Amino acid sequence: MDGYGISEEWSYSDAIQQLKLNIKQADEALGALMYALNRNPKAFPLVHGETVRVAKLDERPNDGLPPFRVFFRISSTDDYVYLLHVDHGEGQIGPDMPQ
């Protein structure tokens, strides 16, 4: 396998739905992050214990895109990244996720 596989957990899928992005916005904003996660997910900082990491994308006002944070974990048994949550970097993000 070349790079890491990426899998969406139900919590990530639910969070995407709550952001109410259209497909083009989601692809444009998160595509670069997904590429980086595929290539080198260990480059992103740990934010909760020794398993949860965060990838951030700054706001791009000229493109009409808000900032994003994608929380994920890397599998210890295979070459997969599991997406856990996505948000715009605002406020509380839930009882099971880091701030």
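Because the structure is a prediction, the values reported are computed rather than measured.

**Thoughts on the confidence of the model for the protein**
Line of reasoning, step 1. For the protein, the average pLDDT comes to 84, and 87% of its residues sit at 70 or higher.
Line of reasoning, step 2. For the protein, the element scoring lowest by mean pLDDT is helix H2 (residues 23–39), at 84; strand S1 (residues 5–8) scores highest, at 96.

**Some details on the side chain of Asp87**
Line of reasoning, step 1. Looking at where Asp87 falls in the secondary structure, it is placed in strand S5 (residues 80–87).
Line of reasoning, step 2. Engagement of the side chain of Asp87 in a polar contact is seen with the side chain of Arg69, the distance being 2.7 Å.

**So, the layout of surface pockets**
If a probe as big as a water molecule is rolled over the atoms, it shows which places are left empty.
Line of reasoning, step 1. The calculated volume of the second largest pocket comes to roughly 150 Å³.
Line of reasoning, step 2. Lining the second largest pocket we find Glu8, Tyr12, Ser13, Ile16, Gln17, Ala26, Asp27, Leu30, Gly31, Met34 and Leu83.
Line of reasoning, step 3. Of all the secondary structure elements, the ones that give two or more residues to the lining of the second largest pocket are helix H1 (10–19) and H2.
Line of reasoning, step 4. With 5 residues, H2 is the single largest residue contributor to the lining of the second largest pocket.
Line of reasoning, step 5. Across the lining of the second largest pocket, the residue classes break down as 6 nonpolar, 3 polar and 2 charged.

About the criteria used
Residues numbered from 1 in each chain as written. Predicted model: local features only at pLDDT ≥ 70, side-chain atom pairs only at ≥ 80, totals over all residues. Heavy atoms only, no water. pLDDT = per-residue confidence, 0-100. Helix = DSSP H or I, 4+ residues; strand = E, 2+ residues; numbered from the N terminus. Polar contact = N/O pair within 3.5 Å; in protein donor to acceptor, adjacent residues only side chain to side chain. 1 Å grid on protein atoms, 1.4 Å probe; cavity = no way out; pocket = protein on both sides within 12 Å on 5 of 7 lines; lining within 4 Å. Points joined across faces, edges and corners; volume = space filled by probe spheres on them. Nonpolar A, V, L, I, M, F, W, Y, C, P; charged D, E, K, R; others polar.

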